[in-house]
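# Overview (structure and organization)
Listed below, chain by chain, are the residues.
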Amino acid sequence: MDQLAVHGVQRDGFHHSTVVDDGIRHQRPVCLRHADSVSTLQGMRKGAVMRKWGPLAAICLGSFMLILDTTVVTVALPEMARGLGASLASLQWVVNSYTLVLAVLALSAGAIGDIVGQRRVFVGSVALFAVASLGCALSPNVGVLIGARAVQGIGGAAMMVAAMSLLGANYAGKERGAAFGTWTAVLGGAGAAGPFLGGVLTQWAGWQAIFFLNLPLSVLTLLLTRKYLAEAPKRPAGTRIDFGGMLAFGVGSGAVIYALIQHAWPVFALAAVALTGFVVVERRVKHPMLDLALFRRASFVTVLVVVVASSFVFACLVYVSIWLQTAVHLSPTEAGLALIPLAATSFLASILIGKRLHAVSPGIVLGLGALLAAAGCGLEWMLLDRDSTWLSLLPGLIVTGAGMGIAGPAGSTAILSAVPRDRAGMASGAMATFRQLGQTLGVAVLGLAYAADLGDVFLVTAGLSLVAAVLSCLVLPRNNAGAPSRTRGSSAAAGR
């Protein structure tokens, strides 16, 4: 057995040591001789620090990789085209294959994790992500690269959903809020750092370096996971995997995203048929991958609406980057640096608000975050004109970043609080899926607005964020975030 003492406390004349055994925590009393007590307790205190922050470090490190790989590739595409002899048009799918698979499989990964264990899924997904990253770096042609990126997306989808569930399982109360705040800050930092880091690595070490970087990070993540990460609650024994639902949802959601990316509108017909079949399957099977009864919980639906609105904010940044490079004539690296104020503000807001989440209503926190995002986008709409420079974006980026940093950890905590504990993976998967679908939809919708003016992009995003703010304040519960619902039949939870 793999056992490791992670902290000790003294009570009733004994020192009690907590060990992690196959992902499960146990306590046992330890009697120490006086001569050994000082040095032993010092070691235990160090172990207590790692027990507290080790799970967060493992989860943040893995999440940093998967989010980084959504943006780090963008700057390297021209160099990839030259090195692989491929067209830039074909290389679009180096980006799209990753995000497509990430969105399609997130819900399925969450459902599987609830059954087999989120810790096991997290370990497997990190290992798969590392192998796929190696395949990307060694790809001899663009076809192999696109395929390896799709495999990366499989690992990334499972890793993202398991990470959120494991954070909820390994932390409680004030520590949970701080953990979600730190995790959200890391996600935002990874997304913002991607273009800059991709430019530096591509320029000095070649495009393959952006994938080789994942190998040592994956090894460190696995070591930390093995030592410190405890398992999340599972669904009851005998629960079966819903393969029919996974197939129907995969085809339906994949068709939606493909149609939006390629503007292949007839494909929506296939999506409609597949998603209708998904609903029919979920209503009939005994163990659905997505419990449709969750959509009768107003708090669950409201958080998903806020997630889609925040995804439009991220989609908005795509056109900000294009505007900076075409209208202001900045380089890709300079455009990435111009967006740093948003990332920095989001990071600081996530850290500061995370520590206070346990004592504040999720409706108030989410509403405030969405309201600040709306205000920031409104500022951009008012300040931008034909003579604007990147400095014109600064006030709006700071306010928007603060809103995103506040809403991020609050949304994660709120959606876990809206469902039973054994549905955490299901809720995490739904949130990840709606985030990716919202971002893809946002790029498509905001592209129509950008054809007129960048200001219209901000105006549409501000309106959606304002709607999300009002819904959060009116619908979400007024009590603090607390712990997730413990039973499916909880009347209190069901009415939210």
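Computed from a prediction, not measured in an experiment: that's the story for all the values here.

Okay, the confidence of the model for the protein next. Residues of the protein with pLDDT of at least 70 account for 84%, and the chain-wide mean is 81. For the protein, helix α17 (residues 491-494) is the element with the lowest average pLDDT, namely 38, and helix α3 (residues 118-137) is the one with the highest, namely 95. In this model residues 481-496 is a low-confidence stretch, pLDDT under 50, and it forms 41 contacts with partners more than four residues away in sequence or in other chains.

Tallied over the entire structure, the rule returns three salt bridges. One salt bridge in this structure joins Glu79 and Arg82, with 2.9 Å as the shortest N-O distance. Placement of both Glu79 and Arg82 in helix α1 (residues 34-84) is noted, with a separation of three residues, approximately one turn of the helix. Take Arg82: its relative accessible area is 60%, and that puts it in the exposed class. Taking the shortest distance from any N to any O, the salt bridge between Arg423 and Asp291 comes out at 3.9 Å. Of the two residues, Arg423 is situated in the loop between α14 (394-417) and α15 (424-450) and Asp291 in the loop between α9 (267-284) and α10 (298-326); the sequence distance between them amounts to 132 residues.

Looking at where Arg149 falls in the secondary structure, it is placed in helix α4 (residues 142-170). Taking the C-alpha atoms as reference points, Arg149 and Cys136, separated by 13 residues in sequence, lie 6.6 Å from one another. Residues contacting Arg149, with those up to four places away along its chain left out, are Asp69, Val73, Val94, Val95, Ser97, Tyr98, Cys136 and Phe211. Engagement of the side chain of Arg149 in a polar contact is seen with the side chain of Gln152, the distance being 2.9 Å.

In this section: unusual backbone geometry. Located in the positive-phi region is His329, a residue other than glycine, with phi close to 65°. Note on placement: His329 falls in the loop between α10 and α11 (332-338).

This next bit is on the nonpolar core. Counting residues in each nonpolar core, the largest one holds 94 residues, and the members touching the most others are Met80 and Trp183. Per-element accounting of this core gives the leading share, 15 residues, to α1. Leaving out residues up to four positions away in the same chain, Trp183 has contacts with Ile59, Cys60, Ser63, Met160, Ala163, Met164, Leu167 and Ser412. Among the nonpolar cores identified, the runner-up in size contains 27 residues, and Val320, Leu339, Leu446 and Ala462 belong to it.

Turning next to the packing of aromatic side chains. Counted by the stated rule, this structure contains seven aromatic pairs. Both rings, one in Phe180 and one in Trp183, keep their centres 6.1 Å apart while their planes meet at 70°; by these two values the pair is edge-to-face. You can see Phe180 and its partner Trp183 sitting in helix α5 (residues 173-205), three residues apart, about one turn around the helix. Arranged with centres 5.8 Å apart and planes meeting at 5°, the rings of Trp265 and Phe268 form a pair that is stacked.

Along the chain, the position of Ile210 falls in helix α6 (residues 209-212). The spacing of Ile210 and Gly199 is eleven residues in sequence and 9.4 Å in space, taken between C-alpha atoms.

This paragraph deals with the packing of α3 against α4. Here α3 crosses α4 at 155°, and the two axes come no closer than 8 Å. The angle between α3 and α4 places the two elements in the roughly antiparallel class. Judged by the twist between their axes, the crossing of α3 over α4 is left-handed. Its residues assigned to classes, the contact of α3 with α4 comprises 16 nonpolar, eight polar and two charged.

Once that is clear, we can look at the side chain of Asn214. Residue placement: Asn214 occurs in helix α7 (residues 214-228). Here Asn214 falls in the buried class, since its relative accessible area comes to 0%. Excluding anything up to four places from it in sequence, Asn214 contacts Met65, Asp69, Phe129, Ser133 and Gln152.

Quick look at α7 now. Between the first and last C-alpha of α7 there are 21 Å, a value that for 15 residues agrees with the 21 Å anticipated at 1.5 Å per step. Of the residues making up α7, those classed as buried are Asn214, Leu217, Ser218, Thr221, Leu224, Thr225 and Tyr228. Mapping the buried residues of α7 onto a view down its axis gives an arc of 130°, with all of them on the same face. Exposed and facing more than 90 degrees away from the buried side of α7 are Pro216 and Arg226.

Criteria and thresholds
- Residues numbered from 1 in each chain as written.
- Predicted model: local features only at pLDDT ≥ 70, side-chain atom pairs only at ≥ 80, totals over all residues.
- Heavy atoms only, no water.
- pLDDT = per-residue confidence, 0-100.
- Helix = DSSP H or I, 4+ residues; strand = E, 2+ residues; numbered from the N terminus.
- Contact = heavy atoms within 4.5 Å.
- Salt bridge = Lys/Arg side-chain N within 4 Å of Asp/Glu carboxyl O.
- Buried < 20%, exposed > 50% of the residue type's maximum accessible area, 1.4 Å probe, protein only.
- Polar contact = N/O pair within 3.5 Å; in protein donor to acceptor, adjacent residues only side chain to side chain.
- Core = buried A, V, L, I, M, F, W, Y, C linked by side-chain atoms within 4.5 Å.
- Phe/Tyr/Trp six-rings, centres within 6.5 Å; stacked < 30°, edge-to-face > 60°.
- Axes fitted to C-alpha atoms, helices over the stretch in contact; angles between N-to-C directions.
- Parallel < 35°, antiparallel > 145°, perpendicular 65-115°, else oblique.
- Left-handed = near helix turned anticlockwise from the far one by under 90°.
- Nonpolar A, V, L, I, M, F, W, Y, C, P; charged D, E, K, R; others polar.
- Expected span 1.5 Å × (residues − 1).
- Arc of directions from axis to C-beta.

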